[in-house]
Amino acid sequence: MAMTPVSPHDVLSPAVPVFAAPMAGGPSTPALVAAVLRAGGGGVLAGGMRAPEEVRAQVDELRRLLTAGCRGEEHWGVNLFVPDAVTTAVPAGARTAAARARRRDDVAAYRERLAPVAEELGAALPTIEDATPDSDAERDAFEAMLAAAEEQAWPMVTFTFGLPAAEVFGRLAAADIVAGVTVTSTAEARAAVRNGAAFLVVQGPEAGGHRGTLDPAADPGTTGAVALVAEVSAAVGPGMPLVAAGGVASAAPVRTLLGTGATAVAAGTAFLLTPEAGTSAVHREGLRQAAAGVAFTGDDGAADTAVTRAFTGRWARSLRTPFMAAFPDAPAAYPEVNVLTTGLRAAAAQRGDLGRVHLWAGTGAGRVREADAAAVLASLDPR
Ligand SMILES: Cc1cc2nc3c(=O)[nH]c(=O)nc-3n(C[C@H](O)[C@H](O)[C@H](O)COP(=O)(O)O)c2cc1C
């Protein structure tokens, strides 16, 4: 097979300039990405919260479903979380012993507040030790992901939750892998370009799931996706490809975002009810209720979403649930808070208790459709 150097534009320009966004925790599957690719779009597998060997198996499965072609025509990639041990975006002040001790105290205090909920649900609450990440293990796992990218020759990587060092981008570029970063502000966009990102995923506040804010302790920006794409495009120049994300539920915003300077658009929530997605039963039920207007709606009857740190310690948009209202001031501590709430979320899901699980969804949640991935892609096709 002839190998030609891969440019970001090749990878980011499928016939339908819409990508199935990465969605960790189950929704992103090789079947979903393959279905969107076959229908003419692009897609990104979710490497977050998975072991490197699981990600390798998903890539093998995707290739099997696709019947691999020339790499330059492969409009897919893998999204990787950048752990705190690896990111260059955490301020030095957050890495001091005093800051670490404060964080641990905050997590311990939050754990105390979660204890009655865990008890009521009969769920185990991990110890602070078990919830605290091991920096060496984080570095090793990240390195194993990069090795997988190189050995399996992924066409594209997107990073989120942090900014890897310039050497990481250099290493991936040398392996002909197009590497981008999720950013939520112009300052983050400039930093990503400085470190060598080949493209940027510009995520607006409408987005479902986690905000990709580089500094985990920072409050995410509120500039909407369209204005943010315009701002970022002006800040980094027209040569830098941008993938726009956030709240896209129909073809009209896709056209607007492309007209504002985006090379492609990524949609997540719109694909959550497809049969190809691995969305959990409780998540599907919450989305169905929101789309039908029978629950998770605001005073105007429209689907009601909000950003919260209560479930994971990082800001993320979910259908608004009672748990979020009960814990409005959870600490900025990912992954500790995520680990602490894992058992109680699982217990709540088991009972079908939608009030105490996260139901990640963007502002377009009310328009999410029960249809297969090709039909959802067609509904977003700007042409
Ligand atoms: C269930 C869910 C899980 C997500 N997981 C990830 C992830 O693992 N990595 C990531 O970069 N973004 C993640 N996101 C954000 C999406 O990649 C994307 O930015 C977002 O879905 C776009 O907004 P929309 O949902 O309104 O289309 C997730 C979003 C959802 C809804």
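Our structure's up above, just so we're on the same page.
Residues numbered from 1 in each chain as written. Predicted model: local features only at pLDDT ≥ 70, side-chain atom pairs only at ≥ 80, totals over all residues. Heavy atoms only, no water.

Engineer: With reference to specific residues and values, describe the packing of helix α4 (residues 97-121) against helix α13 (residues 336-350).
Structural biologist: Interhelical geometry of α4 versus α13 gives an angle of 5° and a closest axis separation of 10 Å. Between α4 and α13, the crossing angle belongs to the class labelled roughly parallel. Contact with α4, carried on its side by R103, V107, Y110, R111, L114, A118 and L121, involves E336, V337, L340, T341, L344, A347 and A348 of α13 and no other residues of that element. Considering only residue class, the contact of α4 with α13 consists of 10 nonpolar, 1 polar and 3 charged. (Axes fitted to C-alpha atoms, helices over the stretch in contact; angles between N-to-C directions. Helix = DSSP H or I, 4+ residues; strand = E, 2+ residues; numbered from the N terminus. Parallel < 35°, antiparallel > 145°, perpendicular 65-115°, else oblique. Contact = heavy atoms within 4.5 Å. Nonpolar A, V, L, I, M, F, W, Y, C, P; charged D, E, K, R; others polar.)

Engineer: Residues and numbers for the sheet that holds strand β9 (residues 264-267), please.
Structural biologist: Ordered by their spatial adjacency, 8 strands build a closed barrel running β1-β2-β3-β4-β5-β6-β8-β9, and the pairing between neighbours is parallel. With strand direction ignored, the average angle separating the axes of adjacent strands in the sheet is 25°. In the sheet, strand β3 (residues 76-81) pairs with strand β4 (residues 156-160) via 4 bridges, with the strands oriented parallel. Considered in β4, the bridge of F81 is made with T160. Along the sheet, helix α2 (residues 30-38) contacts β1 (18-20), β2 (42-46) and β3; its crossing angle with β2, the most-contacted strand, is approximately 170°. In the packing of helix α7 (residues 166-174) onto the sheet, the strands contacted are β4 and β5 (178-183), and the crossing angle to β4 comes to about 165°. (Pairing = 2+ DSSP bridges.)

Engineer: With reference to specific residues and values, describe the packing of aromatic side chains.
Structural biologist: When we look at a pair of aromatic rings, we describe it by the centre distance and by the angle of the planes. Tallied over the entire structure, the rule returns 9 aromatic pairs. Taking the centre distance of 6.0 Å and the plane angle of 85° together, the rings of F311 and W360 count as edge-to-face. Of the two residues, F311 sits in the loop between β10 (305-308) and β11 (316-319) while W360 sits in the loop between α13 and α14 (373-380), which places them 49 residues apart along the sequence. Like W360, F311 is buried. Centroid distance F323 to F327: 4.8 Å. Interplanar angle 50°. Geometry classified as tilted. (Phe/Tyr/Trp six-rings, centres within 6.5 Å; stacked < 30°, edge-to-face > 60°. Buried < 20%, exposed > 50% of the residue type's maximum accessible area, 1.4 Å probe, protein only.)

Engineer: Please set out the nonpolar core residue by residue, giving values where relevant.
Structural biologist: Ranked by internal contacts, the top residues of the largest apolar core, which has 102 residues, are W154, F159, L172, L200, F271, F323 and L380. Grouped together as the second largest cluster of nonpolar side chains are 14 residues, V6, V11, M156 and A264 included. (Core = buried A, V, L, I, M, F, W, Y, C linked by side-chain atoms within 4.5 Å.)

Engineer: Outline the site of the ligand, supporting the account with residue identities and numerical values.
Structural biologist: If you check the shell around the ligand, you find 21 residues, and the closest are P22, N79, G247, G268 and T269. Here an oxygen atom of the ligand and a backbone polar atom of G208 are 3.2 Å apart. Starting from 590 Å² of accessible surface for the ligand in isolation, the protein chains cover 96%. (Near = heavy atom within 4 Å. Polar contact = N/O pair within 3.5 Å; in protein donor to acceptor, adjacent residues only side chain to side chain. Areas by Shrake-Rupley, 256 points an atom, 1.4 Å probe, with all protein chains shown as cover.)

Engineer: Lay out the sheet that holds strand β7 (residues 209-210) with the relevant residues and their values.
Structural biologist: Read from one edge to the other, the open sheet built from 3 strands follows the order β7-β11-β10, with strand pairing classed as antiparallel. Strands at the two margins of the open sheet, each flanked by one partner only, are β7 and β10. Examined bridge by bridge, β7 and β11 share 2 bridges and lie antiparallel to one another. Looking at the pairing, H210 lines up with A316 of β11.

Engineer: Could you give an account of unusual backbone geometry, naming the residues involved and the relevant values?
Structural biologist: Cis geometry marks the peptide bond from Y334 to P335, where omega comes out at 10°. Relative to the elements of secondary structure, P335 occurs in the loop between α12 (322-326) and α13. Phi at M49 takes a positive value of approximately 65°, unusual for a residue other than glycine. If you trace the backbone, M49 turns up in the loop between β2 and α3 (52-66).

Engineer: Let's hear about the environment of V357: which residues, and what values?
Structural biologist: In this fold, V357 is placed in the loop between α13 and α14. The exposure class of V357 is buried, given its relative accessible area of 4%. The sequence separation of V357 and A347 amounts to 10 residues, and the corresponding C-alpha distance is 9.1 Å. Discounting residues that sit within four places of it in the chain, V357 has contacts with V282, F311, T321, R345, A348 and A349.

Engineer: Go over the pattern of salt bridges, please, and point to the residues and values.
Structural biologist: Considering all chains together, one arrives at 15 salt bridges under this definition. Note that E143 is salt-bridged to R171, the shortest N-O span being 2.9 Å. Taken together, the positions of E143 in helix α6 (residues 135-152) and R171 in helix α7 put the pair 28 residues apart, joining distant regions of the chain. For the salt bridge of R171 with E150, the shortest nitrogen-to-oxygen distance reads 2.8 Å. Of the two residues, R171 sits in helix α7 while E150 sits in helix α6, which places them 21 residues apart along the sequence. (Salt bridge = Lys/Arg side-chain N within 4 Å of Asp/Glu carboxyl O.)

Engineer: Could you give me a rundown of the pairing of β4, with the residues and numbers involved?
Structural biologist: Of all the 5 residues making up β4, 5 are buried; the element is thus mostly covered by neighbouring parts of the structure. Each parallel crossover has a hand, and for β4 linked through α7 to β5 it is right-handed. (Right-handed = clockwise from strand over helix to strand, strands pointing away.)

Engineer: I'd like a description of the environment of D140, backed by residues and values.
Structural biologist: Note that D140 resides in helix α6. The exposed category is assigned to D140, whose relative accessible area is 54%. Along the sequence, D140 and V86 sit 54 residues apart, while their C-alpha atoms lie 9.9 Å from each other.

Engineer: Which residues make up the packing of α6 against α7, and what values go with them?
Structural biologist: One can describe the packing of α6 onto α7 by two numbers: an axis separation of 10 Å at closest approach and a directional angle of 20°. When the axis of α6 is compared with that of α7, the two are roughly parallel. As α6 packs across α7, the resulting crossing turns out to be right-handed. From α6, F142, E143, L146, A147, A149 and E150 reach across to α7, where they touch V168, R171 and L172. (Left-handed = near helix turned anticlockwise from the far one by under 90°.)

Engineer: Could you give an account of the side chain of H75, with specific residues and numbers?
Structural biologist: Inspection of the secondary structure assignment puts H75 in the loop between α3 and β3. At 3.1 Å, the side chain of H75 and the backbone oxygen of D10 are in polar contact. When residues no more than four places from it in sequence are discounted, the contact partners of H75 are D10, V11, S13, P14, F19, L37, G41, G42 and G43.

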